[in-house]
Amino acid sequence: MEDVTYVGSGRSIDIELGGQEVITIDLDNLDPNPEDVLDLLKEGQCRVSVWTKLAGEYWRRGYLAAAERIAHSAIESLQANGTTASSPPIYALLANIQIAHAQKAPKLVLSEAREDKLTNVRPKEEYYREAAQYLNTGERAAAEGGEGVGGTLAFLTRGIQQLATRSMDDAMRSFEGVLAEKPTNVVALLGKARILYARRSYPQALKLFQQILQLNPHCIPDPRIGIGLCLWAMDYKSKAKAAWQRSLEVNPTDWSAQLLLGLESINASKTENLSEKDRAQAFLTGTKFIERAFNANQKSAAAANALCELFLRKGSYKRALKLAERTIQFADTLTLLTEGNLRAARVLHAEGSLKEATKYYTTATDGQPKHVLGAIGMAQMQIRNDEIAAAIHTLDLLLQPPNPQRSVEAMVMLASLRAHPRPGVSSSDFAQEKAKARELFDRAIKALEQDDSRSSNGHVPPHTASYINDDLDMHVEIARLWQEESLDRTARALKEALRLSEANEQIDPRLLNNMGALQHMDGNLAEARALYEDSLTKAASLGPDAGEGMSTSMLYNLARVYEDSGDVSMAKEAYDKLLARHPEYVDAKVRQAQMLADLNQSNEAHDLLKQAMASQNSNLNLRAFYTYFLIQSNLPKPAKDFVFATLKDHDKHDVYSLCAAGWIQYHQSRESRDSSPKGLEERRRGFQRSAEFYDKALLLDPLCAFAAQGLAIVTAEDALGTFGGGPATSGGDDPQKRMRNAREALDIFAKIRESLNDGSVYLNMGHCYYARDEFDRAIESYETASIRFYNGHNVSVLLCLCRTWYAKASKDQSFVAMSTALKYAQKALHLQPSDKAILYNIAMVQQKAAELLFGLSPSKRTLKDLEWAIVQAGHAQRLFASLAADSASVVPYSRDIADQRRKYGESMLRRGDEHLATQKEFEAEAQAKLVAARLRRQMERDKLEALEQEKIEEHRRQAEKLAEERRKAREQAQEWTREVQMESEEERERKSKRAAKKVKAEGESGDEGEPKKKKRSGGKLKKAVDQDVDNEQLFSDEEVDSKPAKKRVPKKRVVRDDEDQDAVGGPRKKQYKSKEIISDTDDEEMS
């Protein structure tokens, strides 16, 4: 075994023959053929140690077969001599030899290998099995000989065998058993360190490898390899490299150090912060190291795997396949086996051998289902075999729990597959697939942004991140996915794709065209025009074959933006140029017809549409526009016939035609004035058919907002009830039914508003609010429609606003609201000066404004408004007279009613002077009252100001008086302070005199204890008084001012002892009076 060295006590072995002759075998000059040595060993009946030392020496010199031959001869000799009890070391040696054979043997043999064919070889498992058998035989021999089955050699050999077969727990117990007796056993320490490393306990493994290096600096295998592996795993890569370099210095022929240094150099060559020259040099150095490692040990799966990748990159597929097959056959770990299968699959994939490549990809993913490269390769094979669902499933397993892999490549690939339509997927399922694709693209973009942020913080970004982020097709696909959901997201993706296209200096005209379309839809016409023109220029530079197809749609878009910008001549020129190239381009003819219709050239527009219909009669979009044209041209009967022809002869499920048929039926029934029973029946059937058309359209397209709006209108106007000729209900139920229908219709319109951004929705909502007498909300809806969608130029909406303000004014008796109604009617008249119905409405509003003010009390109107209303009423009189006298055959009003309104206005205006006089009198009285009230308020304010001034003056006088008193108090306090100081000086003089008297009195009588006690008490009082006096001097003048002034207290009267006794007639008692100052006479009294 390579990692065990057997060394004799010297460089020679002495063998005794017959007790007389001794033969010496020189271990430095062994014959590769051990037959002669075997004869000597058998003849000399040598001890087991001699057999093992000699076999070990042969093994050390690389003669493994000779060593095995010696071991087998030793067993035969011991069995012949009957000393099998001492054979366990030989069996342990044989087990180690089998393990050594296993290290050079393949793990499996590929029967269909193309390049690396192995013949007459045994797999590792057979050698490991024989090693286990030898160990078991040795244990039985030891047990039979009574020597026990333990021993260091047996434990070590068993542990090595278990480690080789990946029985980590059993191997750890074996090595721990050896270390329990011999803590410094290098072999056991190596085995334990390898197990800890395999368990990812890198700090503990590192400690053991370092201990082995201290115990045996020349240990083989080199513990520096393990030290470097642990440091690398702990992210100390520079220290790991230094350990491997030192190992290579100590053992220049060691293949493992060369392999690890080669891999490290290859990884360093991928670092972005290195210069191109340094990266190339690192790659070259790594390549040389890996080649030398493989040449040193061609049975190493790790070296073969690393070298295979290099040949794969060079395109040397034959040599790469051989190395991949070598890796597969000699791999002893699942990771290496998977890598070998993947590289073999990649080689075959590149060569086009898809079937064989699929086999290897399948083997790789079966072993490691979460291997990113394996799953992606397998998905590619499935895509090539048109198994899209299987490819989606493979990538889903990779990205989903448990153990989801973070692979941006797999996310992007899976998103692209989900976004691609495939057979057997319904529209609803495909919508869900597109939603999942959008989510996957968002995750991929977020992961790329995180990689960019980490790289800005100094981290090395993944090698593929930049390539994915620079994938133009990915951003185009993202834009396509979002075009029906979010134009903002679509624009962002297209901008990124355009940036990449510009960076490559190969701008795709289609990107410019799409960006122009987005700007066009956002209303940025100038930007859209510039982009369209630029795209046309780029398309022209591609040549006639590639550019012609692109330029057709680009020129059409440019003409549309000219049209929307109001540049009619440029738009016509662009359409003419387009039709000159492609005369059958019906979309251009349709737009030309619309432009002519806008110029009131309906006949010319009609001719163009007929030409288009002649060339493409079955074009449903063209038929839809022709239907719209007929309706707008006020040709309801031809429109009806054409729509029914479309439904009958072309497509009975065409949603647009169904909606148009519903509108035509509804409009025809609504405008019917036939009140006969037959006419009412026809009207009812028309409304019913209209509802049926809308209902069918919704069945075909549940998201059709126009059909839903049509049904909502039917509901709001009760077209299937009384409005449609149904039986009338009682009078009390009609308002409630009208309210209920309007409420139901509002719910529908609210949902329609979320999907249809059109003014008609808000207009209909205003109608519903008006029907429910919710005038404020109706006005809000009408104004939203007018301002947001029609720029205040839609006459119908303006008249609806006029009607609603009129109703609100009548309800609230508001002259301001009536004036607003008049303003909207005048705006409508400005847009359609010839509309006599609007003139009638203006006259009505003007007359109603005067009537409203006449009905209000003078307190609720003003003279100015009244005068203005009377002037407007006079104008209404002239309008009514003119309308009543109109000689036109058909007018949109009743002449009789107009004449009646004129007469009513005359009678009403007769009272105008009376109302003016009353209003003037009321306002004069109100003005007089207002002036009087103002005078009263002014007098009250003056009185309050005078009182306030007196208060201020009184406060000032009191403040002056208080300041004077404080000044006097300060002066008095200063005088008191001076007197107290003078009294204190006198008291000190008296005190000294009393002390002299006391000395004299003590000489005369020794029984004066009680007076002494009283004197001490008096002394304490005096001390407190002195302190008070002193503390009083600490205050400044301001502080003194802030305290109440003290009155001067007369001095305490002195009471003598004899007087006290005479007055009381009993024992003398001390008397105290509540005074601030105690004079020294108290001391005299107590003495």
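Residues numbered from 1 in each chain as written. Predicted model: local features only at pLDDT ≥ 70, side-chain atom pairs only at ≥ 80, totals over all residues. Heavy atoms only, no water.

S.K.: For this particular structure, what's the right way to read the pattern of salt bridges?
M.R.: Opposite charge on two side chains allows them to pair when their charged atoms are near. Using the criterion set out here, one finds 55 salt bridges in the structure. With a shortest N-O distance of 3.3 Å, Arg529 and Glu533 are connected by a salt bridge. In this pair, Arg529 and Glu533 both sit in helix H26 (residues 525-540), 4 residues apart, roughly one turn of the helix. The class for Glu533 is partly exposed, based on a relative accessible area of 31%. Here Asp534 makes a salt bridge to Lys538, at a shortest N to O gap of 3.0 Å. Remark: Lys538 and Asp534 occur in helix H26; sequence separation between them is 4 residues, near one turn of the helix. (Salt bridge = Lys/Arg side-chain N within 4 Å of Asp/Glu carboxyl O. Helix = DSSP H or I, 4+ residues; strand = E, 2+ residues; numbered from the N terminus. Buried < 20%, exposed > 50% of the residue type's maximum accessible area, 1.4 Å probe, protein only.)

S.K.: Which parts of the structure should I look at to understand the packing of helix H18 (residues 372-384) against helix H20 (residues 408-419)?
M.R.: Working note: a packed helix pair is described by the angle between its axes plus the distance between those axes. In the contact formed by H18 and H20, the axes pass within 11 Å of each other and the chain directions differ by 25 degrees. Relative to H20, the element H18 is oriented roughly parallel. The chirality of how H18 crosses H20 is left-handed. Residues Ile376, Ala379, Gln380 and Ile383 of H18 pack against Glu409, Ala410, Met413 and Leu417 of H20. For the contact of H18 with H20, the per-class residue count stands at 6 nonpolar, 1 polar and 1 charged. (Axes fitted to C-alpha atoms, helices over the stretch in contact; angles between N-to-C directions. Parallel < 35°, antiparallel > 145°, perpendicular 65-115°, else oblique. Left-handed = near helix turned anticlockwise from the far one by under 90°. Contact = heavy atoms within 4.5 Å. Nonpolar A, V, L, I, M, F, W, Y, C, P; charged D, E, K, R; others polar.)

S.K.: Just to check I follow, could you spell out the packing of aromatic side chains for this structure?
M.R.: Describing an aromatic ring pair means giving the distance of the ring centres and the angle of the ring planes. On inspection of all chains with the given rule, the structure shows 15 aromatic pairs. When the ring of Tyr626 is compared with that of Phe642, the centres are 4.8 Å apart and the planes differ by 80 degrees; the resulting orientation is edge-to-face. Here the residue Tyr626 occupies a position in helix H31 (residues 620-632), and Phe642 occupies one in helix H32 (residues 636-649), the gap between them amounting to 16 residues. Overall, Phe642 belongs to the buried group, its relative accessible area being 13%. Each member of the aromatic cluster is reached from another via a ring pair, and the members are Tyr556, Tyr575 and Tyr585. Over the ring of Tyr127 we find Arg122; its NZ or CZ atom is 4.5 Å from the centre of that ring. (Phe/Tyr/Trp six-rings, centres within 6.5 Å; stacked < 30°, edge-to-face > 60°. Lys NZ or Arg CZ within 6 Å of the ring centre and 35° of its normal.)

S.K.: Where do I start with a positive patch on the surface in this structure?
M.R.: On the surface, Lys314, Lys318, Arg319 and Lys322 cluster together into a positively charged patch. Top element by residues in the positive patch is helix H15 (residues 317-330). It accounts for 3 residues. Here Lys322 lies in helix H15. (Patch = residues over 30% accessible without salt bridge, like charges linked within 9 Å, V, L, I, M, F, W, Y side chains within 5 Å. Areas by Shrake-Rupley, 256 points an atom, 1.4 Å probe, with all protein chains shown as cover. Lys, Arg positive; Asp, Glu negative; His and termini not counted. Charge placed at Lys NZ, Arg CZ, Asp CG, Glu CD.)

S.K.: Help me understand the state of the cysteines, please; the structure alone is not making it clear to me.
M.R.: A covalent bond between the sulfur atoms of two cysteines is referred to as a disulfide. Under the criterion given, the structure shown has 0 disulfides. The thiol sulfur of Cys659 is not disulfide-bonded, and the nearest other cysteine sulfur, from Cys704, lies at 3.8 Å. With no disulfide of its own, Cys800 has Cys802 as its nearest cysteine by sulfur position, at a separation of 9.7 Å. Take Cys800: its relative accessible area is 12%, and that puts it in the buried class. (Disulfide = S-S within 2.5 Å.)

That is the geometry; function is a separate question.
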